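Reading the structure
Here's the letter readout for the chains.
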Amino acid sequence: MTGNPLLRFAILALALCGMGFLIAGLTKRPPSEPLVSTEVIPKDDPSGAEAQELVIRFDSPAVPSALIIESEGAEIAQVNASTFGEPLHVPLHIPAEGLDLVVRASWNDESSKSHALRIRINLPTDSEIDTTLWGNASIADVITIPGKEPR
Amino acid sequence: MKFRILAIAVACLALYPSIGYSNEQLQVASLSTVLTDIANHVGGDAVKVTPIVKAGIDPHGFEPTVRDVKTMADAQVVLASGLGFEPYLGKLKTSLGKQTELVIVGDAVKPLMVDASELCHDHGHDHDHGHSHAGEKAPDPHWWHSVSNVKTAAKTMRDAFIKEDPASRVLYEENTKAYLARLDALEKWIRLEIAKIPRKERILVTSHDALGYFADEYAFEVHPVQGISTSEQPSSKQVRALIDTIKADNVKAIFAENIENPKILSEITRETGARLGGTLYADGLGQNEAATYEEMMRHNVSTIVTALQ
């Protein structure tokens, strides 16, 4: 391309910016919507092992306005008010060392300062974890799913 | 008349210390930066805590000077970590008078027992070595890396302060209650942060073996370059074995400590490809950063989670 170097640079820069906007637009994630169902996609397990299933039941005097479950820093399930009373089926790869789930719940109910959330988890080994978390407007805690070789 | 007024005034002055908050601060000396911080929270304005071991000093190599001993002898309470962390405690107790209460805080915690040969060189040994400690167990002295132990320590200090200064009982109890609530919140935060790391990746390669209580609490494996004491130097065979472990377990990061020279760790990172994950505070608090127990734990946990997640 002949001509003024500055002009050439400006055209090139504009072209690159234009491409950048296009790429950004194509790769932009659509706004996330709350899950209506409790379908969960398990993370790929490098060892190739099949996912096991946890069945989780929640109970609370007041239904939380938000309830999510995380594993290893990532959200794996979200429960809304309409499905709160239904068992949540969560396919997960449970390593031999075990797995830590983080449960986070919050309430918008201003009439009550204290809240409790009972969590029952049926494990693939046919045993059950039954625990209650206590807190105020929000609750967050860790529930450990034991593995075959717990650390 | 004037004599009666004077007599009443003198009587009031004599009664004053026993009927209200004591104006005199309880004099406390501390042999650990962590203990100093806990004591300040528990004691508040009712205590004056003099740190004998200050931030930046390696407590493993510390020996109190004559001046330090005098300072401690002048105090009403001296706080020590115990569990063998201060090998000079026996001699110190002899030097302190009956007016000074030596509180060995570590005696109240549930100790983690480790191979005594790791502790051989620096902790609690006043005799010449002529024997092996192979197979023997001894307590790991770094108990403060468990928040649960620090809660026990706070209660121990509260009780010690109340015994020496009963007039300030209410203050010590209120301060301790508030501090325990902070420690509960800290403990919860730590659990939530650590949960971000997959359990199979919870492997800590550190300068020396000071994080045993932390590892036990949060399901980590610790592979120290040195042993329990910072004065131990690893043999080339030990370093080679560690390198093989790091490679086999695909350890992402290794950690230096605030006091020790990280030179050996840098050499290990070159051989293994693991990166230097950051500095951890193991034997005490920092001078600017991690200057309180809570800050230290938050710093260590954030450093570990960022490096291993």
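Re the overall build of chain A
Counting its secondary structure elements, chain A contains 1 helix and 8 strands. Beginning at the N terminus, the succession of helices and strands in chain A can be written as α-β-β-β-β-β-β-β-β. Out of the 151 residues belonging to chain A, those deemed buried represent 19%.

Some thoughts on the nonpolar core
Counting residues in each nonpolar core, the largest one holds 96 residues, and the members touching the most others are Val28(B), Ile38(B), Ala39(B), Val77(B), Leu79(B) and Met157(B). Considering every element that reaches this core, the biggest residue donor is helix H5 (residues 147-164) of chain B, with 7 residues.

A closer look at the sheet that holds strand S7 (residues 203-206) of chain B
Residues and elements named next belong to chain B. The strand order across the open sheet built from 4 strands is S8-S7-S9-S10, with neighbouring strands paired in parallel fashion. A strand with exactly one partner marks an edge of an open sheet, and here the two such strands are strand S8 (221-224) and strand S10 (275-280). Between one strand axis and the next, the sheet turns through 30° on average, direction left out of account. Pairing analysis gives 5 bridges linking strand S9 (residues 253-257) to S10, with the strands arranged parallel. Residue pairing for S10: Ala 256 is matched across the bridge by Thr 279.

Examining the pairing of strand S4 (residues 101-104) of chain B
Residues and elements named next belong to chain B. Where strand S3 (residues 77-80) and S4 come together, 4 bridges link them in parallel fashion. Looking at S4, one finds that Ala 80 is bridged to Ile 104. Read as a crossover between parallel neighbours, the route from S3 over helix H4 (residues 89-95) to S4 is right-handed.

Considering the packing of helix H2 (residues 33-43) of chain B against H5(B)
Residue and element names in this part refer to chain B. Two elements in contact, H2 and H5, have axes whose closest approach is 10 Å; the angle formed by their N-to-C orientations is 55°. With respect to H5, the element H2 is oriented oblique. Taken as a pair, H2 and H5 cross one another with a handedness that is right-handed. On H5, the residues touching Ile 38, Ala 39, Val 42 and Gly 43 of H2 are Val 150, Ala 153, Ala 154, Met 157, Arg 158 and Phe 161. Partitioning the contact of H2 with H5 into residue classes produces 8 nonpolar, 1 polar and 1 charged.

What counts and what doesn't
- Residues take numbers from 1 onward in each chain, read along the sequence in its written order.
- For this description, chains carry letters from A and ligands carry numbers from 1, given in the order in which they are written.
- Only residues with pLDDT of at least 70 get local features here, since the model is predicted, and only at 80 or more are side-chain atom pairs given and counted; chain-wide, interface and lining totals rely on the full set of residues.
- In this description a helix means any DSSP run of H or I spanning at least four residues, a strand means any run of E spanning at least two, and both kinds are numbered starting from the N terminus.
- Whether a residue is buried, exposed or partly exposed follows from its count of other C-beta atoms within 10 Å of its own C-beta, namely 20 or more, 12 or fewer, or something in between, respectively; the C-beta atoms are built from the backbone.
- For our purposes the nonpolar core covers buried Ala, Val, Leu, Ile, Met, Phe, Trp, Tyr and Cys residues that link as a set through C-beta atoms within 7 Å.
- At least two DSSP bridges between two strands are required for those strands to pair.
- Angular values range over 0 to 180 degrees, each being the angle between N-to-C directions of two axes fitted as lines to C-alpha atoms, with helices fitted over their stretch in contact.
- Crossovers are described as right-handed under a simple rule: with the strands pointing away from the observer, the path leading from the first strand over the helix to the second runs clockwise.
- Each angle is binned into one of four classes, with values under 35 degrees roughly parallel, values over 145 roughly antiparallel, values of 65 to 115 roughly perpendicular, and all other values oblique.
- By definition, turning the near helix anticlockwise from the far helix through less than a right angle yields a left-handed crossing, and turning it clockwise yields a right-handed one.
- What counts as a contact is two residues whose backbone-derived C-beta atoms lie within 7 Å of each other.
- Classification used: nonpolar for Ala, Val, Leu, Ile, Met, Phe, Trp, Tyr, Cys and Pro, charged for Asp, Glu, Lys and Arg, polar for all others including Gly.

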